[in-house]
Amino acid sequence: MPGEPPVVLSARNVRKLFPIRGGVFSTRIGDVRAVDGVSLDIHEGETVGLVGESGCGKTTVGRLLLRLIEPTSGQTYYRPPPETFDRLQEIYRELGPVPADDGAATSPSPETVKLLSELDRIADQYSIYRQRHKNLARVREKLQIVFQDPFSSLSPRMLVRDIVAEPLEIHHVGSRSQRYQRVAELLQEVGLNPEHLWRFPHEFSGGQRQRIGIARALALRPELIVLDEPTSALDVSVQAQILNILQKLQREQRLAYLFISHHLSVVRAISHSVVVMYLGKVVERAKTDELFTRPLHPYTQALLSAIPIPDPALKRERIILKGDVPSPAAPPPGCRFHTRCPAVMPICSSVEPPLIEVRENHWVACHLYPDPRIAPEGTDPLVPAGSPLPGTPDPLGPSSGLSAAS
Amino acid sequence: MSSAVRINSETDTLPASAPDTSPVSGGPLASAPASEAPAHRDVVLDVRDLKTYFFTYDGVVKALDGVSFKVRRGETLGLVGETGCGKSVTAFSITRLIPDPPGRVMSGKILYRGANLLWNLEREATFKPIRNTGRVKIRRRFRQIRAAMDRMSAVRGGGVSTIFQEPTSAMNPIFSISDQIGEALLLHRGMEIVDALLNAKPDDPAVAAAIDHALEVSRHGTNSEVRAAALAIGTAVGVPSLGVQAYYILREAGPSAPESKPEILHALRRLKFSGLQRAYLRRERRIAELRKRANEVYLTEMRTGSPQRMARVNLSRQRTTANLRTLYLSLWGIRRHVRRTVQNELYWRTVATLEGVGIGNPVQVARGYPHELSGGMLQRVMIAMALSSEPDILLADEPTTALDVTIQAQILELMRDLKSRVGTAIVLITHDLAVIAEVADRVCVMYAGHIVETAPVAELYHRPLHPYTQGLLASIPRLDQPDKELTSIPGSVPNLITPPTGCRFHPRCPHAMPVCKTEHPPTTVEGSGHTVACYLYTGPVAVE
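By convention here, each chain's residues receive numbers from 1 onward along its written sequence. Chains carry letters from A onward and ligands carry numbers from 1 onward, assigned in written order. Note on the predicted model: pLDDT of at least 70 is required for a residue's local features to be given, and 80 or more for side-chain atom pairs to be given and counted; whole-chain, interface and lining totals, by contrast, use all residues. Values reported for side chains reflect all heavy atoms of the structure, with hydrogen atoms and water molecules removed beforehand.

**Q** Requested: an account of a positive patch on the surface, with residues and values cited.
**A** A patch consists of residues whose relative accessible area exceeds 30% and which take part in no salt bridge; residues with like charges are grouped when within 9 Å of each other, and nonpolar side chains (Val, Leu, Ile, Met, Phe, Trp, Tyr) when within 5 Å. What sets the accessible areas is the Shrake-Rupley method with a 1.4 Å probe; for residues, cover comes only from the shown protein chains. Salt bridge, as used here, is a side-chain nitrogen of Lys or Arg placed within 4 Å of a carboxyl oxygen of Asp or Glu. His is not counted, nor are the chain ends; Lys and Arg add positive charge and Asp and Glu add negative charge. Every charge is mapped onto a representative atom, which is NZ of Lys, CZ of Arg, CG of Asp or CD of Glu. Residues Arg123, Lys128, Lys137, Arg139, Arg141 and Arg309 of chain B make up a contiguous surface patch of positive charge. The residue arginine 141 of chain B is located in the loop between β7 (136-140) and α4 (142-152) in this model. Runs of E in the DSSP output that reach at least two residues are strands. Runs of H or I that reach at least four are helices, and both are numbered from the N terminus.

See the structure below:
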């Protein structure tokens, strides 16, 4: 895409299976498909929101992107040059939605082999999963994380000064006095006072601890910070403080964020683009405004309409989903959402819908939306005639989320 | 709270509303305008000037420092505020479940239908400050405390029921769902259950006719017709749960439903009692009856404020078990000759209760254990359990906080539905202003142990008066207003051991004035049902 800032991190078909062990010898009796083929790009200075219900694999994606856990398959590229990134896009488009790493089992065609070997070469150079030792450390410096629970992510036996200085120490940045100088600056940046340097974490409130966590993540001047539900343990008034700090830092330092949250209103306030996950799969991906004004996937629509809005005068038609999220150890066949989907069709229970770009930068994995490459020219597949809402299928009625109400 | 009761001249001109039945000196009720006067008689819970302190090694935490609010019949009151502002402490104080030590309800009144749940509170303990430490020496009088807890048994469950935040830890993992809901049913509605069993008419000719009719309907009728016909069997016998059982027998039989007469007759057989069984059932009925009378004595004591010594002596003479405290029905206290029958009855009543909260497969759920259910499902079970005793007031303490948004939407939908169907008053405690907007009729905003603003829900969101309420509303990111600038309240909730002087919000308040630092603002009336405690407003002072 011309004019877009360069990509910081680009994940392709990342998959993580956690084995379930059982039986007599603790043999592998199954897999929890925590993350099943997730692809996303994070550009410089951009916030990508990652939303979904608990157990859908949001946190695992965050950790995979930083290689805090090793993936089962897939690659995450760190700062590929623009021309390489374009080539990567091409290769993945030609390889199709089937994960490249599984393709080796069935005897592939010569062209595929060629593409795979080219992919291998690029991965060797740019994928964080292929880097070792010093190279890996250099990447790690630029990728940081802020954890969800500010109470358990700070060591109770270390002074705030030592907590924030620890990443600098590990990466041998500066002399000791320079490091402490930097810590004082960092605390200032997140709105804490120099006097807080000599305190222990238990002396702080939740909001202040989260600031310490942010200061620690900022210490190495990273390019990307994974924010794993940074405000869900905080009160609303404090949450607003933290969000404002994050936005200020992004403006000043061109940081990229991966903002993981189950709270859609917060995601809308802070993100530039949003990825919606359900049971380890990306179901929809779009720019924030696009996603919130015209959600396409029935799950996104239900998720949006489920969010209570603090205005008693606003009465909305809502889509209430039946039942619970199925277990990721035994995901339903076909589309994983079909057991709860209000617009379910016969095809949904057998064929898994691929993630396709139905409109510029708007990707959705749902059988309701035909592939525009297949659909006849000149017809907009998203607007059924006479429908008040683009892309809202009839079974849902005129009820999709907010646009109906506002 | 304001100690001096000032009555403005403006207040005096208000038409006098219905006289308050509770023994409080006072002129016209400024807090209830004339239009709301009839509704005033419907007050089921009236909390006045409630103070709850926690005595810790660091000092006395004044968790609640003069909280007053009213709950009317069928209304949903939202209690909202940040962590540590005393929302949950309020709920636990009402049912007197504050862990003691370290906590104690110190003073105030909690009037449940006119009965003061804090009667005799001053005799439960004495307090003596320890010099130069800020700590307090407490001498508890355990006899008095135990008596108070006994009295509370007349209110807990039957009068005021609670739903807790974390459904997984609120249920007992080693008992099945039907055991746990059944226990609540037996405790609170034991008399009704035993009566139904004693008066069952399994041999009535109408029963045989109803069974034949239900079998006939099951041949071609719709599901709701079959259900009605099956429930008619229960009505004919006089045991409604038998109808539920018959319905599920027919449903599970599927296409062979018309041939399931033997199963229904078998179910009916459990209602044919021998003479001995009847005698035992009558014994259980007597226990339940005495329990009910004991509860009435307790309520009378709390209502009139005088010990009912004669009534207690009369009860003690008639008691059949050790003492009043152990006088209640529990499954393991019931003679084994009738235990299976009662257990079965409880099981099917549980199934009916679970149906009421929208559980699709109540037979399986009732048989299951808590670990087999998801969080949303368990929260439904908790709600079913709380409602099974048909309480006047339901205290819901953060009922959806532990749940996902889609499941939260399900539970809120259920609560809205129950509100219109059951008519129980709900006190909904949450930190989420959006949830309150969806469900509540009236809202109390709490801050650091005080109620700072009370208003009808629409009024609060469109005309928030207290700076804290305004700050809270401005700091919520909103889905419908994406471009709104998020403003935050500076600072954080104060430490309640040494709370700020004067108005507790003044260190964080953008409009703080000199007076705010020294004096606690009185609660003033600013429109119909809208009261606020802030010096920015100069309406008439609210009288309790």
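**Q** Before we move on, could you go through the sheet that holds strand β3 (residues 76-80) of chain B and cite the residues and values that matter?
**A** All names here are of chain B. Strands qualify as paired when DSSP identifies two bridges or more between them. With mixed pairing, the eight strands of this open sheet are ordered in space as β8-β9-β10-β3-β11-β12-β14-β13. Because the sheet does not close on itself, it has two edges, and the strands there are β8 (160-163) and β13 (523-525). Taking each pair of neighbouring strands and ignoring which way they run, the sheet shows an average axis angle of 20 degrees. Sheet topology places β8 next to strand β9 (residues 393-397); four bridges connect them, and they run parallel. Paired with threonine 162 across the strands is leucine 395, a residue of β9. Docked against the sheet, helix α19 (residues 467-474) engages β11 (442-447) and β12 (450-456), running at close to 100 degrees with respect to β11. Between N-to-C directions, angles span 0 to 180 degrees; the directions come from axes that are lines fitted to C-alpha atoms, helices contributing only their stretch in contact. Residues count as neighbours in contact if any of their non-hydrogen atoms are within 4.5 Å of one another.

**Q** An account of the packing of aromatic side chains is requested, with residue identities and associated values reported.
**A** Pairing of aromatic side chains here covers Phe, Tyr and the six-membered ring of Trp, requires ring centres within 6.5 Å, and sorts the geometry by plane angle: under 30 degrees stacked, over 60 edge-to-face, intermediate tilted. Taken as a whole, this structure holds eleven aromatic pairs over all chains when the rule is applied. A ring pair is formed by phenylalanine 92 of chain B and phenylalanine 164 of chain B, whose centres lie 6.0 Å apart and whose planes are at 20 degrees; its orientation type is stacked. Placement of the pair is phenylalanine 92 of chain B in helix α3 (residues 87-94) and phenylalanine 164 of chain B in the loop between β8 and α5 (167-170), with a sequence separation of 72 residues. Three labels apply to residues, based on accessible area from a 1.4 Å probe with only protein chains included: buried if under 20% of the type maximum, exposed if over 50%, partly exposed otherwise in between. Residue classification places phenylalanine 92 of chain B among the partly exposed positions, given a relative accessible area of 26%. One aromatic cluster is present, formed by Tyr247, Tyr248, Tyr347 and Trp348 of chain B through successive ring pairs. Over the face of the ring belonging to tyrosine 92 of chain A we find arginine 12 of chain A, whose NZ or CZ atom lies 6.0 Å from the ring centre. In this structure, arginine 285 of chain A packs its charged tip against the face of tryptophan 363 of chain A, placed 4.9 Å from the ring centre. Placement of a positive charge over a ring is assigned whenever Lys NZ or Arg CZ falls within 6 Å of the ring centre and within 35 degrees of the normal to the ring plane.

**Q** Tell me about the interface of chain A and chain B, and please be specific about residues and values.
**A** The interface of chain A with chain B comprises 38 residues on the first partner and 37 residues on the second. Between chain A and chain B the total buried area reaches about 3,400 Å² when both faces are included, carbon and sulfur atoms providing 60% of it. Put simply, chain A and chain B have two salt bridges between them. Among the ionic pairs, aspartate 311 of chain A bridges to arginine 478 of chain B, the shortest N-O distance being 3.8 Å. Nitrogen and oxygen atoms within 3.5 Å of one another constitute a polar contact, given that in protein one can donate a hydrogen and the other can accept it, and given that sequence-neighbouring residues count only through two side-chain atoms. At the junction of chain A and chain B, the tally comes to 14 residue pairs in polar contact (both at pLDDT 80 or more). Taken together, the elements giving at least two residues each to the side of chain A that touches chain B come down to α8 (236-253), α9 (264-270) and α11 (298-306) of chain A. Here the side of chain A that touches chain B takes eight residues from α8 of chain A, the largest share from any one element. Here the quantity called buried area is the total loss of accessible area, with a 1.4 Å probe, experienced by two parts when brought into contact, counted for both.

**Q** Describe the sheet that holds strand β2 (residues 27-43) of chain A, listing the residues and the values that go with them.
**A** Pairing between sheet strands relies on hydrogen bonds along the backbone, with the strands arranged either parallel or antiparallel. Residue and element names in this part refer to chain A. Across the sheet, three strands lie side by side as β2-β1-β4; this open sheet has antiparallel pairing. Looking at which strands have only one partner, the edges of the open sheet turn out to be β2 and β4 (73-78). Across the sheet, the mean angle from the axis of one strand to that of its neighbour is 20 degrees, orientation sign disregarded. As paired strands, strand β1 (residues 7-22) and β2 are joined by 13 bridges and run antiparallel to one another. Each residue of the ladder has a partner; that of isoleucine 20, found in β2, is glycine 30.

**Q** Please provide a residue-by-residue account of the side chain of threonine 76 of chain A, values included.
**A** Residue and element names in this part refer to chain A. Tracing the backbone through its elements, the reader meets threonine 76 in strand β4. The class of threonine 76 is buried, set by a relative accessible area of 0%. There is a polar contact of 3.0 Å between the side chain of threonine 76 and the side chain of tyrosine 129. Excluding residues that lie within four positions of it along the chain, threonine 76 makes contacts with Leu9, Ser10, Ala11, Val14, Leu65, Tyr126, Ser127, Ile128 and Tyr129.

**Q** Which residues make up the nonpolar core, and what values do they have?
**A** All names here are of chain B. Residues belong to a common nonpolar core when they are buried Ala, Val, Leu, Ile, Met, Phe, Trp, Tyr or Cys residues joined through side-chain atoms within 4.5 Å. If you look at the biggest cluster of nonpolar residues, it comprises 86 residues, and the most contacted ones within it are Val237, Leu354, Val381 and Ile383. Element by element, the count of residues in this core is highest for helix α6 (residues 177-198), at ten residues. Among the nonpolar cores identified, the runner-up in size contains 66 residues, and Val44, Ala154, Ala440 and Leu473 belong to it.

**Q** Explain the pattern of salt bridges to me, using residue names and the numbers behind them.
**A** Residues and elements named next belong to chain A. This structure, assessed with the given rule, holds 53 salt bridges over all chains. Taking the shortest distance from any N to any O, the salt bridge between arginine 359 and glutamate 290 comes out at 3.7 Å. A residue pair is termed long-range when its members are at least 10 positions apart, and arginine 359 in strand β10 (residues 356-359) and glutamate 290 in helix α10 (residues 288-293) qualify at 69 residues. With relative accessibility at 24%, the residue arginine 359 sits in the partly exposed group.

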